[in-house]
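# Report on the structure
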Amino acid sequence: MTHLWVRAEQRANEERVGVTPAGAAQLIEAGVRVTVEESSFRAIPLDGYREVGCEIAVENSWPEAPADAIIFGLKELPEDGTPLTHRHILFGHAYKGQPAGQILLKRFKAGGGRLYDLEYLVDESGRRVAAFGYWAGFAGAAVALKCWAAQQRDEIAGPVSTYSGSKALLSELAAELKAIGAQRPTALVIGALGRVGSGSADLCAEMDVPMTKWDMKETAHGGPFPEVLDHDIFLNCILARPDTPVFVPAIAKTAPRRLTVIGDIACDPDSVFSPVKVYDRTTTWDEPALRVQDVPVLDVTAIDNLPSMLPVESSEDYAAQLLPSLLTLDDLSVGVWGRAKATFDEHTKGL
């Protein structure tokens, strides 16, 4: 019997989960054994899982799970260096040369475990079967606007937190912008036709922010892209890949520009493929803005778990997208799981 073990997230400010009680019920009906760990932070209460027949385990007990269990979480595992013996489903951030990712892969290699990276669960055409992109874009644009609003007050953006839903976020942001006056910044959204870009564009539209929307057609020439500097806010919604052009070179910090806020929603600063070259680390919920230049001012916001600001909506959306693939866990050699294994094998063969 396939055994799916849903672990508690161990990262701060992470309340999402990749399967809902309704989805767990479908898995159980299909013959999957589902264990769900207790969690001090998960936005969806444990009672719903218990009621549909899930087994309940102690929080963070996954290292002692049966050897045949498939451990399912979203964000990073604790960086304690221990060998990983289980099969894991998570966002590994390990295939673009990230230093922490290489350490993670070596842990799998040492323990004989296997990573099924959620970012690399793709269909026959190479399109991801599930993504948090829309809500990342929505929340990321909101944080970028908060950074801009703080600048108008001669401040730097303060801490951000979770919201009960998108309406609560919109209400708070509208009040913050209203306090400044009628002025609105201009925004350039790159990747506007994708999931992330759509979320960013929708948030900007809700806040009456004038937008320039770019996608593959507008960026195909490979740069440079001086138009980026002619907007108040730049929202990068394109994942870093080997063929991704540089949108914001390092010289942009001191160049003449209108740009004062970069929302790097794709958020891959330690990848050599990053298209934003003015910063080198992610930002946090406590300090969402990184000031990379004082004169003229330039702040970067790059939070790498933005959808967790809206944990219920983003979890329900993502879980619905992923459930059809979870229902095929009985055969990991084919389909999305077979392709994910091939990608893992390719990136670990030289370790």
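Residues numbered from 1 in each chain as written. Predicted model: local features only at pLDDT ≥ 70, side-chain atom pairs only at ≥ 80, totals over all residues. Heavy atoms only, no water.

### Remarks on the overall build of the protein
In terms of helices and strands, the protein carries 9 helices and 12 strands. For 351 residues, the compact-globule formula gives about 20 Å, and the C-alpha radius of gyration of the protein, at 21 Å, lands near that figure. Taking the principal axes of its C-alpha atoms as reference, the protein extends roughly 60 × 45 × 35 Å. Residues counted as buried form 54% of the 351 residues belonging to the protein. Summed over all atoms, the accessible surface of the protein reaches about 15,000 Å², with 53% contributed by carbon and sulfur. The protein carries 33 positive and 48 negative side-chain charges, and their two centres are separated by 4 Å. (Helix = DSSP H or I, 4+ residues; strand = E, 2+ residues; numbered from the N terminus. Rg over C-alpha atoms; globule rule 2.2 N^0.38 Å. Buried < 20%, exposed > 50% of the residue type's maximum accessible area, 1.4 Å probe, protein only. Areas by Shrake-Rupley, 256 points an atom, 1.4 Å probe, with all protein chains shown as cover. Lys, Arg positive; Asp, Glu negative; His and termini not counted. Charge placed at Lys NZ, Arg CZ, Asp CG, Glu CD.)

### Examining the sheet that holds strand S8 (residues 211-214)
Strands sit in the order S8-S7-S9-S10-S12-S11 across an open sheet of 6 strands; the sheet is mixed. This sheet does not close on itself; its edge strands, each paired only once, are S8 and strand S11 (290-293). For this sheet, the mean inter-axis angle between neighbouring strands, taken without regard to orientation, is 20°. Where strand S9 (residues 233-236) and strand S10 (residues 261-264) come together, 4 bridges link them in parallel fashion. Directly across from Phe234, in S10, lies its bridge partner Ile262. (Pairing = 2+ DSSP bridges. Axes fitted to C-alpha atoms, helices over the stretch in contact; angles between N-to-C directions.)

### Quick word on the sheet that holds strand S4 (residues 70-72)
The strand order S3-S2-S1-S4-S5-S6 describes an open sheet built from 6 strands, whose pairing is parallel. Since the sheet does not close on itself, it has two edges, and those belong to strand S3 (55-57) and strand S6 (114-117), each with one partner. Taking the axes of each pair of neighbouring strands and ignoring which way they run, one obtains an average angle of 25° across the sheet. On top of the sheet, helix H9 (residues 335-348) reaches strand S5 (87-90) and S6; it is set at about 120° to S6, its chief contact. (Contact = heavy atoms within 4.5 Å.)

### Points about the packing of aromatic side chains
Per the stated rule, a full pass over the model turns up 12 aromatic pairs. Their ring planes at 55° and their centres at 6.3 Å tell us that Phe91 and Phe132 sit as a pair that is tilted. Residue Phe91 is found in the loop between S5 and helix H3 (99-111), and its partner Phe132 is found in the loop between S6 and helix H4 (133-152); the two are separated by 41 residues along the sequence. Residue classification places Phe91 among the buried residues on the basis of a relative accessible area of 9%. Accessibility expressed as a relative area gives 7% for Phe132, which makes it buried. Taking the centre distance of 5.1 Å and the plane angle of 85° together, the rings of Tyr134 and Trp135 count as edge-to-face. Every member of this aromatic cluster is reached through a ring pair, and the members are Trp214, Phe225, Phe234 and Phe247. The lysine or arginine in question, Arg16, covers the ring of Phe132, its NZ or CZ lying 4.3 Å from the ring centre. Positioned over the ring face of Tyr49 is Arg42, at 5.9 Å from the centre of the ring. (Phe/Tyr/Trp six-rings, centres within 6.5 Å; stacked < 30°, edge-to-face > 60°. Lys NZ or Arg CZ within 6 Å of the ring centre and 35° of its normal.)

### Notes on the nonpolar core
In a soluble, globular protein the nonpolar side chains are often hidden away together inside. With 39 residues, the main nonpolar core has Leu203, Met207, Ile233, Leu235 and Met309 as its most contacted residues. Counting only elements with at least two residues in this core, the list comes to H4, helix H5 (166-180), strand S7 (187-190), helix H6 (195-206) and S9. Among the elements that make up this core, the one with the highest residue count is H4 (13 residues). Setting aside chain neighbours within four positions, we find Leu235 in contact with Ala141, Ala144, Leu188, Val189, Ile190, Ser200, Cys204, Gly263 and Ile265. Counting 32 residues, the second-largest nonpolar core is a separate cluster that includes Leu27, Val36, Ile70 and Leu323. (Core = buried A, V, L, I, M, F, W, Y, C linked by side-chain atoms within 4.5 Å.)

### Side note on the pattern of salt bridges
The final tally for this structure, using the stated rule, is 17 salt bridges. Ionic pairing is found between Glu76 and Arg11, a salt bridge with its closest N-O pair at 3.2 Å. Within this pair, whereas Glu76 is found in the loop between S4 and S5, its partner Arg11 is found in the loop between strand S1 (3-6) and helix H1 (21-29), the two being separated by 65 residues in sequence. Residue class for Glu76 comes out partly exposed when judged on its relative accessible area of 26%. The class for Arg11 is partly exposed, based on a relative accessible area of 24%. Of the charged contacts in the structure, one is a salt bridge between Glu14 and Arg16, with a shortest N-O distance of 2.8 Å. Just as Glu14 is buried, Arg16 falls in that class too. (Salt bridge = Lys/Arg side-chain N within 4 Å of Asp/Glu carboxyl O.)

### Here we look at the pairing of S5
Relative to S5, S4 runs parallel, the two sharing 3 bridges. Bridged to Ile71 within S5 is His88. On the question of chirality, the crossover connecting S5 to the parallel S6 by way of H3 is right-handed. (Right-handed = clockwise from strand over helix to strand, strands pointing away.)

Everything listed here is a matter of geometry and, on its own, says nothing about what the molecule does.
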